[in-house]
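What follows is each chain in one-letter form.
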Amino acid sequence: MHGIVIAVNSGVGLRLVGGLGQYVSRFEDAMNFADEIDAYRYIEKHGLEKFASVRKIKKSAMEFCHP
């Protein structure tokens, strides 16, 4: 099973877009998108094209890293 998140180069390292649009560092706090198209739409709508990238993560890896 995979999750789709948006990674942002925030100037202090790689962060993820959280549920309220803030930057978070933990996968479980990140906004999760249904598919890559939705994630790209979010990036475009919020003007993050120069800073953000879409990442696909495995749910099992996320659970392993953050039990």
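Heads up: the structure comes first, above all this text.
Residues numbered from 1 in each chain as written. Predicted model: local features only at pLDDT ≥ 70, side-chain atom pairs only at ≥ 80, totals over all residues. Heavy atoms only, no water.

A. Spatial organisation of the overall build of the protein. Helix and strand counts for the protein stand at two helices and four strands. Within the protein, residue pairs in contact and separated by at least 24 positions form 53% of the contacts whose partners lie at least 6 positions apart. Of the roughly 4,700 Å² that the protein leaves accessible, carbon and sulfur atoms contribute 54%. (Helix = DSSP H or I, 4+ residues; strand = E, 2+ residues; numbered from the N terminus. Contact = heavy atoms within 4.5 Å. Areas by Shrake-Rupley, 256 points an atom, 1.4 Å probe, with all protein chains shown as cover.)

B. Quick peek at the environment of Ala34. In this fold, Ala34 is placed in the loop between β3 (23–24) and α1 (36–45). Separated by 29 residues in sequence, Ala34 and Val5 have C-alpha atoms that sit 9.4 Å apart.

C. Quick look at the pattern of salt bridges. All told, the structure shown has four salt bridges when counted by the stated rule. The closest approach of N and O atoms between Arg41 and Asp38, which form a salt bridge, is 3.4 Å. Pair noted here: Arg41 and Asp38 are both in helix α1, with a separation of three residues, about one helical turn. A relative accessible area of 55% means that Arg41 is categorised as exposed. Within this structure, Arg26, Glu28 and Asp29 form a network of salt bridges that share partners. (Salt bridge = Lys/Arg side-chain N within 4 Å of Asp/Glu carboxyl O. Buried < 20%, exposed > 50% of the residue type's maximum accessible area, 1.4 Å probe, protein only.)

D. Here's a closer look at the pairing of strand β2 (residues 14–17). Here two bridges tie β2 to β3, and the two strands are oriented antiparallel to one another. The residue of β3 that forms the bridge with Val17 is Tyr23. (Pairing = 2+ DSSP bridges.)

E. The arrangement of α1 in detail. Of the residues making up α1, those classed as buried are Ala39, Tyr42 and Ile43. Buried positions in α1, seen along its axis, are confined to an arc of 100 degrees and lie on one side of it. Of the residues in α1, the exposed ones pointing more than 90 degrees away from the buried face are Arg41, Glu44 and Lys45. The residue sitting at the N-terminus of α1 and contributing the capping side-chain oxygen is Asp35; that oxygen lies 3.2 Å from the backbone nitrogen of Ile37. Looking one or two residues past α1, Gly47 carries a phi angle of roughly 65 degrees, positive in sign. (Arc of directions from axis to C-beta. Polar contact = N/O pair within 3.5 Å; in protein donor to acceptor, adjacent residues only side chain to side chain.)

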